[in-house]
Amino acid sequence: MKEKAETIKIISKSGRIPSYETEGSAGADIRAFLDRPQTLMPGERRLIPTGLFVQLPEGVEAQIRARSGLAIKHGIGLVNGVGTIDSDYRGEWKIPLINFSDQPYTVCDGDRIAQVVFSEYIQVGFTITDEINSTERGSGGFGHTGSR
């Protein structure tokens, strides 16, 4: 596996840390940290604890994303699609799962429930103006470039 570009400080109440499953993985799997199994009924939303407390470097965000296997096999996703954990947040990482399926789904301690991708970001300033420059695309939005 290639050398990690950066290391971060992490407290793990379970002793487990996020893990990359393959050498080419962009996302590291995050596991549930539960006293007892929790069942999500169809349409139900719930914050699932991870036991992780992380000190992100300034200028780095953690993007929490659904695991594709859970989504396609069981209809389990994230309430907010993709979640952002800011570099100044120090609370426990909790994963907002939702059951989109028509069947109950049980989450057990140690189950892989989401993945995290780290990304650098910038903060920008805003200037109010009366006009912005034009482009070839202009205001063409959803579906503007066609179906193929």
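Residues numbered from 1 in each chain as written. Predicted model: local features only at pLDDT ≥ 70, side-chain atom pairs only at ≥ 80, totals over all residues. Heavy atoms only, no water.

Ordered in space as β4-β9-β7, the three strands form an open sheet in which the pairing is antiparallel. Strands with a single pairing partner mark the edges of an open sheet, and in this sheet they are β4 (45–49) and β7 (76–78). Here the strands of the sheet are splayed against their neighbours by 40 degrees on average, with no regard to which way each runs. Two strands pair when backbone bridges link them, and β7 and strand β9 (residues 94–99) are joined in this way by three bridges, in the antiparallel orientation. Bridging across to β9, Leu 78 finds its partner in Leu 97. (Pairing = 2+ DSSP bridges. Helix = DSSP H or I, 4+ residues; strand = E, 2+ residues; numbered from the N terminus. Axes fitted to C-alpha atoms, helices over the stretch in contact; angles between N-to-C directions.)

Burial of the side chains of strand β5 (residues 52–55) is restricted to one face: Leu 52 and Val 54 are buried, whereas none of Phe 53 and Gln 55 on the reverse face is. One ladder, built from four bridges, connects strand β1 (residues 9–12) with β5; its direction is antiparallel. Looking at β5, one finds that Ile 10 is bridged to Val 54. (Buried < 20%, exposed > 50% of the residue type's maximum accessible area, 1.4 Å probe, protein only.)

Let us now look at the environment of Gly 83. Along the chain, Gly 83 falls in strand β8 (residues 83–85). Distance in space between the C-alpha atoms of Gly 83 and Ala 62 is 8.1 Å, their sequence separation being 21 residues. Beyond its immediate stretch of four places on either side in the chain, Gly 83 contacts Ala 62, Gln 63 and Ile 64. (Contact = heavy atoms within 4.5 Å.)

So, on to the side chain of Asn 99. Along the chain, Asn 99 turns up in strand β9. Among residues more than four places away in sequence, those in contact with Asn 99 are Leu 40, Met 41, Pro 42, Gly 43, Glu 44, His 74, Gly 75, Ile 76, Pro 104 and Tyr 105.

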